[in-house]
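Overview (structure and organization)
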Amino acid sequence: MGAIQDTGTDTITDTGIGAGRSDAAPAPPGRGLPRHWPLLLAGAAVLPGALLVLVGRSLEEPAVEAWRTVCLAVTVQALPFLLLGTALSGAINAFVPARVFNRLLPKRPALAVPVAGAAGVVLPGCECASVPVANSLIGRGVTPAAAFAFLLSAPAVNPIVLTATAIAFPGSPEMVLARLLASLVTAAVMGWLWLWLGRAEWLKPAVRHSGHRPGHSRWTEFRQGFQHDFLHAGGFLVVGAMAAATFNVAVPRSVVETFSDSPWLSVLFLAVLAIVLAVCSEADAFVAASLSGFSPVARLTFMVVGPMVDLKLIALQAGTFGRAFAVRFSAATAVVAVVCSVVVGGVLL
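Residues numbered from 1 in each chain as written. Predicted model: local features only at pLDDT ≥ 70, side-chain atom pairs only at ≥ 80, totals over all residues. Heavy atoms only, no water.

**Some points on the overall build of the protein**
Our working rule: Under the DSSP-based scheme used, a helix requires at least four consecutive residues in state H or I and a strand at least two consecutive residues in state E, with every element numbered from the N terminus. Only heavy atoms matter for contacts: two residues are in contact if any of them lie within 4.5 Å across the pair. Computed with a 1.4 Å probe, the accessible areas rest on the Shrake-Rupley method; for each residue, only the protein chains presented here act as cover.
When you go through the protein residue by residue, the secondary structure sums to 16 helices and zero strands. Considering only contacts in the protein between residues 6 or more positions apart, those separated by 24 or more positions represent 82%. As presented, the protein carries roughly 18100 Å² of accessible surface, and 70% of it is formed by carbon and sulfur atoms.

**Focus on the environment of A166**
For the record, the criterion: Relative accessibility thresholds used throughout: buried, under 20% of the residue-type maximum; exposed, over 50%; partly exposed, between the two (1.4 Å probe, protein chains only).
Of note, A166 is situated in helix 8 (residues 159–168). In this structure A166 comes out as partly exposed when scored by relative accessible area, which is 37%. Here the alpha-carbon distance between A166 and L177, two residues eleven residues apart in the chain, equals 9.5 Å.

**Some thoughts on the side chain of T320**
Put simply, the rule is: Polar contact is the term for a pair of N or O atoms within 3.5 Å; when the atoms are in protein, one must be able to donate a hydrogen and the other to accept it, and sequence-neighboring residues count only if both atoms are side-chain atoms.
Within the secondary structure, T320 is located in helix 15 (residues 311–321). Judged by relative accessible area, T320 falls into the buried class, the value being 9%. Among the polar contacts listed, one links the side chain of T320 to the backbone oxygen of L316, at a separation of 2.9 Å.

**Some points on the pattern of salt bridges**
If the charged atoms of two oppositely charged side chains come close together, the side chains can form a pair. Filter applied, for reference: By definition here, a salt bridge exists when the distance from a side-chain nitrogen of Lys or Arg to a carboxyl oxygen of Asp or Glu is within 4 Å.
For the structure shown, the criterion picks out one salt bridge. A salt bridge links K312 to D310, with the nearest nitrogen and oxygen atoms 3.2 Å apart. Like K312, the residue D310 is buried in the burial classification.

**Structural notes on the environment of P109**
By the secondary structure assignment, P109 is in helix 5 (residues 109–119). The class of P109 is partly exposed, set by a relative accessible area of 36%. Sequence separation between P109 and A146 is 37 residues; the distance between their C-alpha atoms is 7.1 Å. Those residues in contact with P109 that sit more than four places away from it in its chain are T143 and L195.

**Some details on the packing of aromatic side chains**
Pairs of aromatic rings are described using the distance from one ring centre to the other and the angle between the two planes. Selection rule: Classification of ring pairs uses Phe, Tyr and Trp, with its six-membered ring standing for Trp, and accepts pairs whose centres are within 6.5 Å; under 30 degrees between planes counts as stacked, over 60 as edge-to-face, and the remaining range as tilted.
Taken as a whole and assessed by the stated rule, the structure comprises nine aromatic pairs. When the ring of F148 is compared with that of F329, the centres are 5.3 Å apart and the planes differ by 50°; the resulting orientation is tilted. Taken together, the residues F148 in helix 7 (residues 144–157) and F329 in helix 16 (residues 323–348) connect sequence positions 181 residues apart. The class for F148 is buried, based on a relative accessible area of 1%. Taken together, a centroid distance of 6.3 Å and an interplanar angle of 5° make the contact between F269 and F294 stacked. Here F294 lies in the loop between helix 13 (284–290) and helix 14 (296–305) and F269 lies in helix 12 (residues 263–277), a separation of 25 residues in the sequence. The burial state of F269 is the same as that of F294; both residues are buried. Aromatic rings pair up to connect F148, W194, W202, F321, F325 and F329 into one cluster.

**Describing the packing of helix 14 against helix 16**
Helix-helix packing is described using two parameters, namely the angle between the two axes and the distance between the axes. Our working definition: Each axis is a line fitted through C-alpha atoms, and for a helix only the stretch in contact is used; angles between axes span 0 to 180 degrees, taken between their N-to-C directions. An angle below 35 degrees is read as roughly parallel, one above 145 as roughly antiparallel, one from 65 to 115 as roughly perpendicular, and any other as oblique. Less than a right angle of anticlockwise turn of the near helix away from the far helix marks a crossing as left-handed, whereas a clockwise turn marks it as right-handed. Nonpolar residues are Ala, Val, Leu, Ile, Met, Phe, Trp, Tyr, Cys and Pro. Charged residues are Asp, Glu, Lys and Arg, and all others, Gly as well, are polar.
For the pair helix 14 and helix 16, the least separation of the axes is 9 Å and the interaxial angle reads 140°. For the element pair helix 14 / helix 16, the angle class is oblique. Relative to helix 16, helix 14 is oriented so that their crossing is right-handed. Two secondary-structure elements touch here, helix 14 through V297, L300, T301, V304 and V305 and helix 16 through A337, V338, S341, V342, G345 and G346. Looking at the contact of helix 14 with helix 16, its residues break down into seven nonpolar, four polar and no charged.

**Here's the deal with the nonpolar core**
For the record, the criterion: Nonpolar core, defined: a set of buried Ala, Val, Leu, Ile, Met, Phe, Trp, Tyr and Cys residues in which side-chain atoms within 4.5 Å join the residues together.
Membership of the largest hydrophobic core comes to 64 residues, with the highest contact counts inside it found for F148, L270, F302, V305 and F321. Looking at which element gives the most residues to this core, the answer is helix 7, with eleven residues. When sequence neighbours within four positions are dropped, the list of residues in contact with V305 reads A271, A274, I275, A337 and V338.

**Here's the deal with the side chain of Q317**
By secondary structure assignment, the location of Q317 is in helix 15. A polar contact of 3.2 Å, which involves the side chain of Q317, links it to the side chain of S330. Leaving out residues up to four positions away in the same chain, Q317 has contacts with V131, L151, M308, G322, F325, A326, F329 and S330.

**Section: the confidence of the model for the protein**
Note the cut-off: The score called pLDDT rates the predictor's confidence residue by residue, from a low of 0 to a high of 100.
Put simply, the protein has an average pLDDT of 74, and 65% of its residues get 70 or more. With pLDDT under 50 throughout, residues 1–31 is counted as low confidence; its partners more than four residues away or in other chains account for six contacts.

**Regarding the environment of S330**
Mapped onto the secondary structure, S330 falls in helix 16. Taking the C-alpha atoms as reference points, S330 and L311, 19 residues apart in sequence, are found 9.8 Å from one another. Once residues lying within four places of it in the same chain are set aside, the contact partners of S330 are V309, I314, Q317 and F325. Among the polar contacts listed, one links the side chain of S330 to the backbone oxygen of A326, at a separation of 2.8 Å.

**Let's talk about a nonpolar patch on the surface**
For clarity, the cut-off: Residues enter patches when they are more than 30% accessible in relative terms and free of salt bridges; like-charged ones are connected within 9 Å and nonpolar ones (Val, Leu, Ile, Met, Phe, Trp, Tyr) within 5 Å.
Where nonpolar side chains cluster on the molecular surface, the patch consists of L177, L181, V335, V339, V343, V347, L348 and L349 and spans about 670 Å² of accessible area. Mapped by element, the contributors of at least two residues to the nonpolar patch are helix 9 (173–197) and helix 16. For L349, the location among the structural elements is in the segment after helix 16.

In structure tokens form, the structure reads like this:
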């Protein structure tokens, strides 16, 4: 924001508008504070909280309590990783020179996509962390296709997730391998699809300065970038958590059991379930392992789709890159992830 303000000041000075002119009309007086502004401020601070308390007490029903529990669990579960991702994004923006990315990634975008996807294997992170990091990479000059490949792969194939999968499915190394391959292929295919079909007008990154500016403190830039990304993404995280909690409470368990009998419907159902449950990628393997009534391919689909497309991730993408991008990218990712899971799972499982 500082860069935008500086630019605006320079523009006014250069053009001489209102500068050094004695005949310039005086600026209209600004509107002062309301007469009873202390009372208005106190009311704005007290009334919303009091209203929430009254509504909460009047809705002490099991369904409402379950909704609050799920919403809070999703938010608390994802919040540390969102903090990690926004801190990493701010650090990349303030401390890492742009030439580093030019050296690490191939110059040809088609080759940079799989390299960026493979980088997710060694960088731990959650889907909440990958969005601000991908946004920062784009701001540093990385081709969007490569940044999106990293965005999809990092929360799905990092060491923490693969270790959790191995623990959740003991004695089944083929499940870990299937998750690794299906996720990597999905990330690469989506990166190449963006190169082929993506349009610049779909992508609207958040307004922020790119990289270190001479004469400015790097720590100040880090703090400002971290604060901007965290506050911006945190609101969309809460919206996604609320949507996931609503589905958990509204859909009865009998509906879930109905779909487990059909191989194809079970795959599609667990794909949709992964999207709406919004379970963090570090924990989704244990949820998949508990779904013992479903086929291994369906459970693999749950683990591949979830870290790449869920409600909180769609909300974060919409807030960071724009709604036009989030709708198209999420829909395409879901389709590609299901197809890759079925193909890889059919061969390995």
